[in-house]
There are 2 protein chains.
Amino acid sequence: MRVGGLSEEQLLARILPRLPAGTDTLLGPGDDAAVVRAPDGRFVVSTDVLVEGRHFVRAWSSGADVGWRAAMQNLADVAAMGARPTSLTVSLVLPDDVEVDWVLGVADGLAQACGPHGVGVVGGDLSGGPAIVAAVTVHGDLAGRAPVRRSGARPGDVVVHSGLLGHSAAGLALLRAHGPTAAGPPVPDADFVRAFRRPDPPLTDGPAAADAGATAMMDVSDGLLKDLGRIARASGVSVDLSSRDLGPAVDELDVVAQACEASALGWVLTGGEDHGLVATFPPGAAYPAGFRRIGVIGPAPDRSGEQAEGTVPDGGTRVTLDGEPPAVGGSGWDHFGSS
Amino acid sequence: MRVGGLSEEQLLARILPRLPAGTDTLLGPGDDAAVVRAPDGRFVVSTDVLVEGRHFVRAWSSGADVGWRAAMQNLADVAAMGARPTSLTVSLVLPDDVEVDWVLGVADGLAQACGPHGVGVVGGDLSGGPAIVAAVTVHGDLAGRAPVRRSGARPGDVVVHSGLLGHSAAGLALLRAHGPTAAGPPVPDADFVRAFRRPDPPLTDGPAAADAGATAMMDVSDGLLKDLGRIARASGVSVDLSSRDLGPAVDELDVVAQACEASALGWVLTGGEDHGLVATFPPGAAYPAGFRRIGVIGPAPDRSGEQAEGTVPDGGTRVTLDGEPPAVGGSGWDHFGSS
């Protein structure tokens with residue numbers, strides 16, 4: 001059955017029972033608005049939109065994979081502020097020919113990502129349209145913590161990371177190499193493909209890092225170089241990554257990278273969508289066990305090499321590897337540009 | 001200039017300065033998440049998605065009109081719970097050929113709708129895609145009030161409405177009659193067209209109704225019959241509208257309806273998108289001055305005429321006019337169905 005054969009209320013009646021209530025939900029879907037607890041007296045909020053053909057391909061990701069990713073990349077944004085996610089809303093735009101089962105899969109993926117964390121899916125909207133779009137907004141509670149921003153890194157701080165680096169890029173490369181169809185050869189290295197389809201960032205490390213005194217934090221959605229470039233610019237500093245510190249992450253990808261004729265270091269530095277957490281701590285601070293050191297914060301670079309205001313900031317002059325500009329093509333990808 | 005020529009960061013740099021900060025915003029856009037005050041210790045949240053060709057047509061609405069509507073229909077959802085809106089997020093999907101000025105217009109329309117109410121635009125996301133989509137999520141504060149749900153109406157309650165009824169439908173009919181192009185004849189009855197392009201619901205009447213003891217409330221987005229049918233089903237009651245009470249609303253539309261060969265009563269009963277507030281109050285309650293009586297709540301109807309579970313509920317057997325099923329075609333429109 002395809003969604004074009006159902007009304008909005010009929011489709012909602014099938015979706016709603018699959019969604020998790022959440023531990024902070026006071027009034028769930030079904031009225032003009034939901035009501036969610038904000039015990040802190042503040043809430044954090046972030047939003048992301050996924051478009052078919054840009055952020056996912058139906059042949060490579062099930063509905064449940066898309067629902068999982070849509071939730072998880074938003075949950076990671078909340079964790080990156082040092083907050084615990086509490087709730088999210090989802091709007092779906094669906095062409096008439098989408099299978100109802102695919103949409104129910106999205107609901108299941110949302111539930112699988114949110115349920116274990118006590119996050120409720122508290123509202124949503126459905127519309128027809130020419131392409132699948134999923135727009136997710138997520139909320140979280142800081143429990144009295146100051147939000148950890150991008151702008152607090154200081155020279156001498158250590159740069160640490162928790163989660164995977166480059167695994168999602170490796171999984172995508174494997175899918176590309178092995179073709180999109182289920183009829184193709186079995187995809188090897190299922191862990192990498194799973195990392196691409198179902199990123200599972202260390203959400204509780206966000207509040208833990210905040211409690212431990214992180215000076216800056218963000219989730220790595222567009223690649224380490226690009227996202228560290230954002231921290232560097234917001235903080236008015238530079239970042240020097242250590243190839244020795246990144247060695248274990250590179251080693252994990254080496255066999256797959258050779259099979260794909262790709263660069264494992266390139267995946268580690270520019271592969272996005274793993275949504276691990278990168279944070280900075282004052283020198284000597286005891287950062288939580290999930291984080292591994294990957295570099296150090298330096299002073300603001302000589303601005304003479306920077307691009308003019310308003311051009312795409314690539315972080316190239318702000319982020320170095322062993323003191324030199326990284327010799328990898330690109331520096332992360334632009335969700336929006338034509339590239 | 002078209003958006004395809006800009007990166008996401010370049011376009012954001014043009015949009016962000018146009019957005020209102022809001023009186024409850026502690027940390028605005030630019031980090032992984034925003035931080036908003038929730039003085040009540042709870043927040044209300046609702047989300048809506050608008051798709052070009054379904055919810056708006058570029059020829060009939062400017063970018064600013066679309067931004068205004070996207071904000072206002074969400075702000076109305078918050079008001080309908082008895083809350084004061086505080087903040088919203090906006091995700092935009094934009095084909096490459098959309099003019100940058102059109103997108104900046106959306107930002108201006110959001111600002112014009114939100115700014116006077118102290119509502120901040122605190123986050124967003126941009127993506128390319130095959131059609132324009134705007135997904136808005138809105139938040140509000142209940143200031144200690146119980147949320148006013150759809151389920152609290154009781155037999156004997158009076159049904160009241162604040163705002164416009166059928167004006168947006170009249171405006172749309174006028175645009176259809178006079179053609180979409182700027183080169184066409186000047187559009188008459190500018191107030192109706194403005195009601196279509198820029199609905200301006202009585203947002204402060206929502207909290208006022210909650211304070212005055214409203215037993216149920218919602219905003220009229222899909223037409224009076226359809227939305228009152230929702231209150232009737234959620235509350236387990238019926239609604240009888242009074243043609244005498246609706247007379248002034250019908251009279252306002254009479255001349256335009258005749259010119260368009262349409263039914264003024266039909267517009268009042270089934271025209272959606274005015275986003276006025278319909279509420280119920282115990283008999284004898286002093287409801288706020290902005291509301292006008294339009295009917296009364298009765299007991300649950302004989303269920304024998306109801307449609308089977310899972311079919312589109314049209315409210316027809318739940319909502320009557322002067323005791324009879326209303327003799328108007330349809331009962332509101334479905335954003336999602338193929339109709």
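Residues numbered from 1 in each chain as written. Chains lettered and ligands numbered in written order. Predicted model: local features only at pLDDT ≥ 70, side-chain atom pairs only at ≥ 80, totals over all residues. Heavy atoms only, no water.

By the naming in an unreviewed UniProt entry, chain A is Thiamine-monophosphate kinase, taken from Occultella glacieicola. Checking UniProt for chain A, the heading Function (unreviewed entry) contains the comment "Catalyzes the ATP-dependent phosphorylation of thiamine-monophosphate (TMP) to form thiamine-pyrophosphate (TPP), the active form of vitamin B1." (UniProt positions renumbered as here; feature names shortened; annotations may be inferred.)

Novice: So what exactly am I meant to see when it comes to helix H7 (residues 224–235) of chain B here?
Specialist: Residues and elements named next belong to chain B. Over its 12 residues, H7 extends 16 Å from the first C-alpha to the last, a length consistent with the 16 Å expected when each residue adds 1.5 Å. The buried fraction of H7 amounts to 10 of the 12 residues, a majority that puts the element mostly inside the structure. The first or second residue beyond H7 is Gly236, which carries a positive phi of 70°. (Helix = DSSP H or I, 4+ residues; strand = E, 2+ residues; numbered from the N terminus. Expected span 1.5 Å × (residues − 1). Buried < 20%, exposed > 50% of the residue type's maximum accessible area, 1.4 Å probe, protein only.)

Novice: Is there a simple way to think about the interface of chain B and chain A in this case?
Specialist: Accessible area lost upon the coming together of the parts is a frequently used measure of interface size. Counting residues at the interface gives 75 residues for chain B, matched by 75 residues for chain A. For the interface between chain B and chain A, the tally reads eight salt bridges. Arg150(B) is the partner of Asp31(A) in a salt bridge, and the nearest nitrogen-oxygen pair spans 3.6 Å. On the surface where chain B and chain A come into contact, there are 20 residue pairs in polar contact (both at pLDDT 80 or more). The element best represented in the side of chain B that touches chain A is strand E3 (residues 42–51) of chain B, accounting for nine residues. Inspection of the sheet shows strand E2 (residues 34–37) of chain A paired to E3(B) by four bridges, in the antiparallel sense. (Contact = heavy atoms within 4.5 Å. Salt bridge = Lys/Arg side-chain N within 4 Å of Asp/Glu carboxyl O. Polar contact = N/O pair within 3.5 Å; in protein donor to acceptor, adjacent residues only side chain to side chain. Pairing = 2+ DSSP bridges.)

Novice: How do you make sense of the sheet that holds E3(B) when you look at a structure like this?
Specialist: Hydrogen bonding along the main chain pairs the strands of a sheet, whether they run parallel or antiparallel. A sheet is described by the order of its strands in space; here six strands give the open sequence E1(A)-E2(A)-E3(B)-E6(B)-E4(B)-E5(B), paired in mixed fashion. The sheet is open, and its two edges are formed by strand E1 (25–27) of chain A together with strand E5 (120–128) of chain B, each paired on a single side. Averaged over all neighbouring strand pairs, the angle between strand axes comes to 25°, with direction disregarded. Direction of pairing for E3(B) relative to strand E6 (residues 133–141) of chain B: antiparallel, over a ladder of eight bridges. (Axes fitted to C-alpha atoms, helices over the stretch in contact; angles between N-to-C directions.)

Novice: Whenever I open this one, the UniProt feature "binding site: Mg(2+) 3" (unreviewed entry) in chain A confuses me. Can you help?
Specialist: Mapped onto this structure's residue numbering, the UniProt feature "binding site: Mg(2+) 3" (unreviewed entry) falls at Asp32(A), Asp77(A) and Asp219(A). Here Asp32(A) lies in the loop between E1 and E2. Non-local contacts of Asp32(A), meaning those with residues more than four positions away in its chain, are made with Ser46(B), Asp77(B), Ala80(B), Met81(B), Arg150(B), Met217(B), Met218(B) and Asp219(B). By the secondary structure assignment, Asp77(A) is in helix H2 (residues 63–80).

Novice: Help me out: how do you make sense of the relation of the copies chain B and chain A in this one?
Specialist: Copies of the same chain, two in number, are related to each other by a rotation about an axis and a translation along it. After a rotation of 180° and a shift along the axis of 0.0 Å, chain B superposes on chain A with an RMSD of 0.0 Å. Both chain copies can therefore be described as sitting about a two-fold axis. Within chain B, Gly41(B) has its C-alpha nearest the rotation axis, a separation of 2.4 Å. Here 100% of the interface residues in chain B have copies in chain A that are interface residues too; the copies meet face to matching face. (Least-squares fit on C-alpha atoms with pLDDT ≥ 70 in both.)

Novice: I keep staring at the sheet that holds strand E1 (residues 25–27) of chain B and nothing clicks. Help me out?
Specialist: Strand order in the open sheet formed by six strands is E5(A)-E4(A)-E6(A)-E3(A)-E2(B)-E1(B), and the pairing between neighbours is mixed. Each edge of the open sheet is held by one strand with a lone partner, namely strand E5 (120–128) of chain A together with E1 of chain B. Averaged over all neighbouring strand pairs, the angle between strand axes comes to 25°, with direction disregarded. Bridge analysis of strand E4 (residues 84–94) of chain A against strand E6 (residues 133–141) of chain A gives nine bridges, and the strand direction is antiparallel. The partner of Leu92(A) across the bridge, within E6(A), is Ala134(A). The strands touched by H2(A) are strand E3 (42–51), E4 and E6 of chain A; relative to E3(A), the strand with the most contacts, the crossing angle is about 145°.

Novice: What's the story with the packing of aromatic side chains in this structure? I'm lost.
Specialist: Any two aromatic rings considered together are summarised by their centre-to-centre distance and by the angle between their planes. Throughout the structure, instances matching the rule amount to seven aromatic pairs over all chains. Pairing Phe281(B) with Phe291(B) gives two aromatic rings, centres 6.3 Å apart and planes at 70°, and the pair type is edge-to-face. Of this pair, Phe281(B) sits in strand E10 (residues 277–281) while Phe291(B) is found in the loop between E10 and strand E11 (292–298), placing the two residues 10 residues apart along the sequence. Side by side, Phe281(B) and Phe291(B) carry an identical accessibility label, which is buried. Grouped by ring-pair contacts, the aromatic residues Phe281(A), Tyr287(A) and Phe291(A) constitute a single cluster. In this structure, Arg58(A) packs its charged tip against the face of Trp102(A), placed 5.9 Å from the ring centre. (Phe/Tyr/Trp six-rings, centres within 6.5 Å; stacked < 30°, edge-to-face > 60°. Lys NZ or Arg CZ within 6 Å of the ring centre and 35° of its normal.)

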